[in-house]
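A look at the structure
Each chain is listed here by its residues.
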Amino acid sequence: MLGALLCGAAAADRLAPHHYAEQSREFPGAAPSRRFPLGTDELGRDRFSRLIYGTRVSLLLAPAAALISTVIAFAIAMFISFGGRWMGRFAAGATDLLLALPTILILITVRAMMPLNTGPWTSIAITCGLLGALGWPPAARVVRAEMASLSTSDFVTLARATGQSATRVLVRHMLPNLIPVLAAQFWVLVPAFVLSEANLSLLGLGVAEPVPSWGNMLRELGNYGAVKEQPWILAPLVVLLGALLSLNSLLPSGGEA
């Protein structure tokens, strides 16, 4: 299913029968048909086309944010281990503080304090940067624990005994062993950020209209009566759940720790 979603997102320009912002004002709230496979929204926009383009946005935004968080997590773990007493204590304290607070609450609070009247592509960049900048603490804790374990290993002790610098020990001996852990944390963060983006966009704090994402397409589900009368508007929810299950099934064993 994940492969089908990725292929559909990559070929959105060819698969989508309409542009995501194209409005057919004569067909607002239309039922599914050959012209509109999933019907239209209240503005006459084809839901199927918006779902395909929204898949592209959500599946590109989450890995980009996860990559940012993974890099930050590695940097924070490195500061804790090699940044000296005060720098290490500050980085460790910042990590513990953010871990003690609900991540989604921090995201909503910080995003609500930022300008909301932005262009759609600016909102995508803000959402990606915000997720990446605030989602690193759990990964930093895992990377820091692995780094602490490696620092007491025999080969690192031997490298230090031969007079190698801390930088050489980190790059030459520790980093190759940290790459699998970093990769595992990246894959753990991707589904988490897919869900976080959906939550922010659902609340109007994520990807802005008219660019679609799974989150802002889920706003229609707030009308329970519309769901009963038009069950096909559940399609974004079904795709979101399928993507999350697919991504979780791909997690390496290191990501379950």
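Residues numbered from 1 in each chain as written. Predicted model: local features only at pLDDT ≥ 70, side-chain atom pairs only at ≥ 80, totals over all residues. Heavy atoms only, no water.

1. Details of the side chain of threonine 127
On the secondary structure map, threonine 127 appears in helix H6 (residues 120-134). Discounting chain neighbours no more than four positions away, the residues touching threonine 127 are Leu61, Glu197, Leu200, Leu205, Gly206 and Val207. (Helix = DSSP H or I, 4+ residues; strand = E, 2+ residues; numbered from the N terminus. Contact = heavy atoms within 4.5 Å.)

2. Overview of the packing of aromatic side chains
Evaluated as defined, the whole model comprises three aromatic pairs. Both rings, one in tyrosine 20 and one in tyrosine 53, keep their centres 5.3 Å apart while their planes meet at 65°; by these two values the pair is edge-to-face. Of the two residues, tyrosine 20 is situated in the loop between helix H2 (12-15) and helix H3 (47-82) and tyrosine 53 in helix H3; the sequence distance between them amounts to 33 residues. The exposure class of tyrosine 20 is buried, given its relative accessible area of 13%. Tyrosine 53 sits in the buried class, given a relative accessible area of 10%. Measuring from ring centre to ring centre gives 5.8 Å for phenylalanine 27 and phenylalanine 36, while their planes differ by 55°; the resulting arrangement is tilted. (Phe/Tyr/Trp six-rings, centres within 6.5 Å; stacked < 30°, edge-to-face > 60°. Buried < 20%, exposed > 50% of the residue type's maximum accessible area, 1.4 Å probe, protein only.)

3. A closer look at a nonpolar patch on the surface
On the surface, a nonpolar cluster with roughly 320 Å² of combined accessible area is contributed by Phe79, Met87 and Phe90. Structurally, the position occupied by phenylalanine 79 is in helix H3. Exposure remark for phenylalanine 79: the relative accessible area of 37% places this residue in the partly exposed category. (Patch = residues over 30% accessible without salt bridge, like charges linked within 9 Å, V, L, I, M, F, W, Y side chains within 5 Å. Areas by Shrake-Rupley, 256 points an atom, 1.4 Å probe, with all protein chains shown as cover. Salt bridge = Lys/Arg side-chain N within 4 Å of Asp/Glu carboxyl O.)

4. Observations concerning the packing of helix H1 (residues 2-10) against H3
In contact at an axis separation of 8 Å, H1 and H3 are set at 105° when each is read in the N-to-C sense. Relative to H3, H1 is oriented roughly perpendicular. Residues Leu5, Leu6, Gly8, Ala9 and Ala10 of H1 pack against Ile52, Thr55, Arg56 and Leu59 of H3. (Axes fitted to C-alpha atoms, helices over the stretch in contact; angles between N-to-C directions. Parallel < 35°, antiparallel > 145°, perpendicular 65-115°, else oblique.)

5. Looking at the nonpolar core
Counting residues in each nonpolar core, the largest one holds 48 residues, and the members touching the most others are Leu51, Leu131, Phe193, Val194, Trp214 and Leu240. In terms of residues, this core owes the most to one element, H3, which gives 12 residues. Counting 13 residues, the second largest nonpolar core, distinct from the first, contains Leu150, Met174, Val181 and Leu182. (Core = buried A, V, L, I, M, F, W, Y, C linked by side-chain atoms within 4.5 Å.)

Functional significance is not addressed by these values, which are geometric in nature.
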